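Single-letter residue listing:
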Amino acid sequence: MKMNKLGFAAAAAAVLLSAAGGSGMAACAESYYNAEADSFDIYTCISESDCSVLASYVGREDGEYKFKVIRTLKNTLSEKYFYVTADEKLADRLEAGKRYVLMLDSDISVYYEHDRYTLNGDLLISVDSTNQITGMTASDITIQNPPKSVSALKKYMGGIPDTSVAAKDYIRSSDISEITAASDAVVYAEVVRRISDSSKGCGLYSCRVIKTVKGSVKSEFNVVLFDSEVTAGKRYYLLLNKNGSSYELSSKKSIRTEI
């Protein structure tokens, strides 16, 4: 999570009040800023989020929270549906069919069936069918005096610099030169045996290096491979990135019979 507990800056507070459309809220808002300054910073949350989206909540699928995109407010989200990973407490804050604005951080992995997202700052903004904001919470903190509507929120967001770091999306590439450049190592190796389960459809395999093409890899190493793409005893070119004491594939096209 990217959340920095910095508190509201005075300038950010002023912009929020302006965007929310009510100067009479200043006294109440100031009370909130003082009380919660060490707990939550919506300015930083918006700034650091990879993307922001207005979406309807579909329900739980395989332990993840599924949403349908209505429209994006910051950066882009190419999927029609997206999935958020969070603890069980989020279920108590959501209702199927209802609308929410989410500040998202992307969680991209070569081993996921689809991209995953997390809530930056655990911020959840509830919205009614006319896109009026009905509530804003960050975990167990209720944020006072939020903007009145999604359009007011978007206007406020427009004045905040985007400090998110774009994720490298080469993991879906089929260009071998691009994948090789992004890989820590490339080896021709024998898949010796499957050691254990990993994520769905994947397992941790023990491998033995036959030839090193790029980088440096121990003669025997472990790597998570797609079960459907390898057979124990056979040899493959593997394009790898270091991950602690083991390795992971650098893309979804990093298991090859030739390069």
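Predicted, not measured: the structure shown is a model, and the values here were computed from it. Each chain has its residues counted from 1, following the order in which its sequence is written. At least 70 in pLDDT is required for a residue's local features to be given in this predicted model, at least 80 for side-chain atom pairs to be given and counted, and no such filter applies to totals for whole chains, interfaces and linings, which use all residues. Side-chain metrics rest on all non-hydrogen atoms present in the structure, leaving aside hydrogens and water.

**Student:** Quick question: what am I supposed to make of the nonpolar core here?
**Tutor:** Most often, soluble globular proteins keep nonpolar side chains buried together rather than apart. One finds Cys207, Phe221, Val223, Leu225 and Leu238 to be the most contacted residues of the largest nonpolar core, which totals 23 residues. Helix and strand assignments follow DSSP, with helices taken as H or I runs no shorter than four residues and strands as E runs no shorter than two, numbered in order from the N terminus. For this core, the secondary structure elements donating two or more residues are strand E8 (185-197), strand E9 (202-214), strand E10 (220-226), strand E11 (235-243) and strand E12 (246-249). No other element matches the five residues that E10 contributes to this core. Those residues in contact with Cys207, other than ones at most four positions away along the chain, are Ala189, Glu190, Val191, Val192, Ser219, Glu220, Phe221, Val223, Leu225 and Leu238. By convention a nonpolar core is built from buried Ala, Val, Leu, Ile, Met, Phe, Trp, Tyr and Cys residues, the set being connected through side-chain atoms within 4.5 Å. Buried, partly exposed and exposed residues are distinguished by accessible area as a fraction of the type maximum, computed with a 1.4 Å probe on protein chains only: under 20%, between the cut-offs, and over 50%, respectively. In this description, contact between two residues means that some pair of their heavy atoms is separated by no more than 4.5 Å.

**Student:** Whenever I open this one, the confidence of the model for the protein chain confuses me. Can you help?
**Tutor:** Close inspection of predicted coordinates is inappropriate in any region flagged by low pLDDT. Taken over all residues, the pLDDT of the protein chain has a mean of 84, while the share at 70 or more is 83%. Note that pLDDT drops below 50 for residues 1-38; the model gives that stretch 62 contacts with residues more than four away or on any other chain. pLDDT is defined as a per-residue confidence score from the predictor, taking values between 0 and 100.

**Student:** Explain the layout of surface pockets here, please?
**Tutor:** Unoccupied space between atoms shows up once a probe the size of one water molecule is rolled over them. Computed over the protein atoms alone on a 1 Å grid, cavities are sets of points where a 1.4 Å probe fits but cannot get out and pockets are open sets with protein on both sides within 12 Å along at least five of seven lines; a residue lines them when it has an atom within 4 Å of a point. Grid points are joined across faces, edges and corners, and a volume is the space filled by probe spheres set on the points. Volume-wise, the second largest pocket comes out at about 220 Å³. Along its surface, the second largest pocket is lined by Glu61, Asp62, Glu64, Tyr83, Tyr111, Tyr112, Glu113, His114, Arg116, Ser199 and Lys200. Looking at the lining of the second largest pocket residue by residue, the classes come out as three nonpolar, two polar and six charged. In this count, Pro and Cys sit with the nonpolar residues alongside Ala, Val, Leu, Ile, Met, Phe, Trp and Tyr, while Asp, Glu, Lys and Arg are called charged and the others, Gly among them, polar.

**Student:** Explain the environment of Val127 here, please?
**Tutor:** By the secondary structure assignment, Val127 is in strand E5 (residues 116-127). Classification of Val127 by relative accessible area gives buried; the value is 5%. Along the backbone, Val127 and Val150 are 23 residues apart, and their C-alpha atoms lie at a distance of 7.7 Å. Among all residues touching Val127, those that are not within four sequence positions of it are Leu54, Arg99, Tyr100, Val101, Gln132, Ile133, Thr134 and Val150.

**Student:** Would you take a moment to explain a nonpolar patch on the surface for this structure?
**Tutor:** Patch rule: a residue counts if its relative accessible area is over 30% and it has no salt bridge; like charges are joined within 9 Å, and nonpolar side chains (Val, Leu, Ile, Met, Phe, Trp, Tyr) within 5 Å. All accessible-area figures derive from a Shrake-Rupley calculation using a 1.4 Å probe, and residue coverage is judged against the displayed protein chains alone. A pair is scored as a salt bridge if a Lys or Arg side-chain nitrogen falls within 4 Å of a carboxyl oxygen belonging to Asp or Glu. On the surface, a nonpolar cluster with roughly 240 Å² of combined accessible area is contributed by Ile176, Val213 and Ile259. Structurally, Ile176 can be placed in helix H5 (residues 176-182). Take Ile176: its relative accessible area is 30%, and that puts it in the partly exposed class.

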